[in-house]
Amino acid sequence: MFKSLKSKVERLKSLSKILLSLVISLLSLISCMKWDYGLEETFDTSASGDGLFICNEGNFQYGNATLSYYNPETKVVENEVFYRANAMKLGDVAQSMIIRDSIGWVVVNNSHVIFAIDINTFKEVGRITNLTSPRYIHFVSDEKAYVTQIWDNRIFIVNPKRYEITGYIDVPNMTMESGSTEQMVQYGKYVYVNCWSYQNRILKIDSETDEVVDELVVGIQPTSIVMDCNNKLWTVTDGGYEGSPYGHEAPSLYRIDAETFSIEKQFEFKFGDAPSEVQLNGTKDKLYWINDDIWEMDVTADRVPVRPFIPYSGTIYYGLTVCPRSGDVYVADAIDYVQQGMIYRYSKDGKLIDEFYVGIIPGAFCWK
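Residues numbered from 1 in each chain as written. Predicted model: local features only at pLDDT ≥ 70, side-chain atom pairs only at ≥ 80, totals over all residues. Heavy atoms only, no water.

Q: Looking at this structure, I do not really get the sheet that holds strand β4 (residues 94–100). What am I missing?
A: Strand pairing in a sheet takes place through backbone hydrogen bonds and is either antiparallel or parallel in direction. Spatially, 4 strands are ordered β4-β5-β6-β7 in an open sheet, and the strand pairing comes out antiparallel. Edge positions in the sheet fall to β4 and β7 (124–128), since each of these pairs with one other strand and no more. Ignoring strand direction, the axes of neighbouring strands in this sheet form an average angle of 20°. As paired elements, strand β6 (residues 113–118) and β7 share 4 bridges and run antiparallel to each other. Bridge pairing links A116 to G126 in β7. (Pairing = 2+ DSSP bridges. Helix = DSSP H or I, 4+ residues; strand = E, 2+ residues; numbered from the N terminus. Axes fitted to C-alpha atoms, helices over the stretch in contact; angles between N-to-C directions.)

Q: I tried to follow the side chain of Q183 on my own but got confused; where do I start?
A: In this structure, Q183 sits in strand β12 (residues 181–187). The class for Q183 is buried, based on a relative accessible area of 14%. Here the side chain of Q183 touches I225 through a polar contact of 3.3 Å, landing on its backbone nitrogen. With near-sequence residues (within four places) excluded, Q183 lies in contact with Y136, Y192, V193, N194, T223, S224 and I225. (Buried < 20%, exposed > 50% of the residue type's maximum accessible area, 1.4 Å probe, protein only. Polar contact = N/O pair within 3.5 Å; in protein donor to acceptor, adjacent residues only side chain to side chain. Contact = heavy atoms within 4.5 Å.)

Q: What exactly am I supposed to notice about the pattern of salt bridges here?
A: It is possible for side chains of opposite charge to pair when their charged atoms get near one another. Enumeration over the complete set of coordinates arrives at 17 salt bridges. Here D142 makes a salt bridge to R100, at a shortest N to O gap of 2.8 Å. Taken together, the residues D142 in the loop between β8 (134–141) and β9 (144–149) and R100 in strand β4 connect sequence positions 42 residues apart. One salt bridge connects E215 with R201, and the closest N-O pair in it is separated by 2.8 Å. Here E215 is found in strand β15 (residues 211–217), whereas its partner R201 is found in strand β14 (residues 201–206), with 14 residues between them in sequence. Connected via shared salt-bridge partners are K232, R255, D257 and E264. (Salt bridge = Lys/Arg side-chain N within 4 Å of Asp/Glu carboxyl O.)

Honestly, that's just the spatial picture; any functional story needs more than this.
See the structure below:
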């Protein structure tokens, strides 16, 4: 019986591999086609000026990324708004989104594209294509933006008005096979970028010359970067993982002075912790991050808190944002990376206000 069962399992595994190969091949073909199916819908989002977009990554190579929109005033969520407004799918892995002048820029990593959408109708108004593996976009001006990449040793320079790639910034000591450039913040003419995958650096880029002019070594794999009200950069490292060729160490939270580009404070976590998703409130004087629990800390604090802001509930906290106006804290729960994810909304005092389902693997937020 066990041999028979094992044989059936092996056949199922083989069939699954064949089906997966067919799916991946089909997705590769679809990526070159115009996804022009479904019915377009018209949305009315004028009821709230502080709506929230949620980028749902979807599963890698499955092309099931989606975009959700939540109205905090009415507590109404609309899922798959990009598909419903444009009659085509968003693509493979929705990585991030920002808004500039009423246009939302949605970065779709494994589809090598950034969509520009009207933030009221969700309709596409343009797109930037032929990117390697885009992660985040940062506007230097109306006609120049930087796009960071994974699996590429360059940061792309684009003209958002023409939706064109206009140049590249070469990143020193980074290969195509390993390393990534990630989030960006700007202080004066300098843009600071954290390098995450198999890296341990913060880059300093002169936005006038489009060159890396300095770098600062921190711990292994800084996952995110923000700048507070005192012009201090904050980044948190995940420390790598057991068996990583790049090493494995205790992660840390760093406070960096943007003016001198030097480390002011290092808060070290326990070995085996995995902090991520550093965020700020609207006044930029409180810091938040995920480390199993959700943590909150004043930016002037000398030590990390001993009690969490929101306790760990045995699930997968995957994304985090703070409403810049109300101070409400939103936590994305990936659950099991397969089913629809959940968003929990808490008051600034840590009380649960609302919860709602979105798409698969909600990971990034963008405030309207």
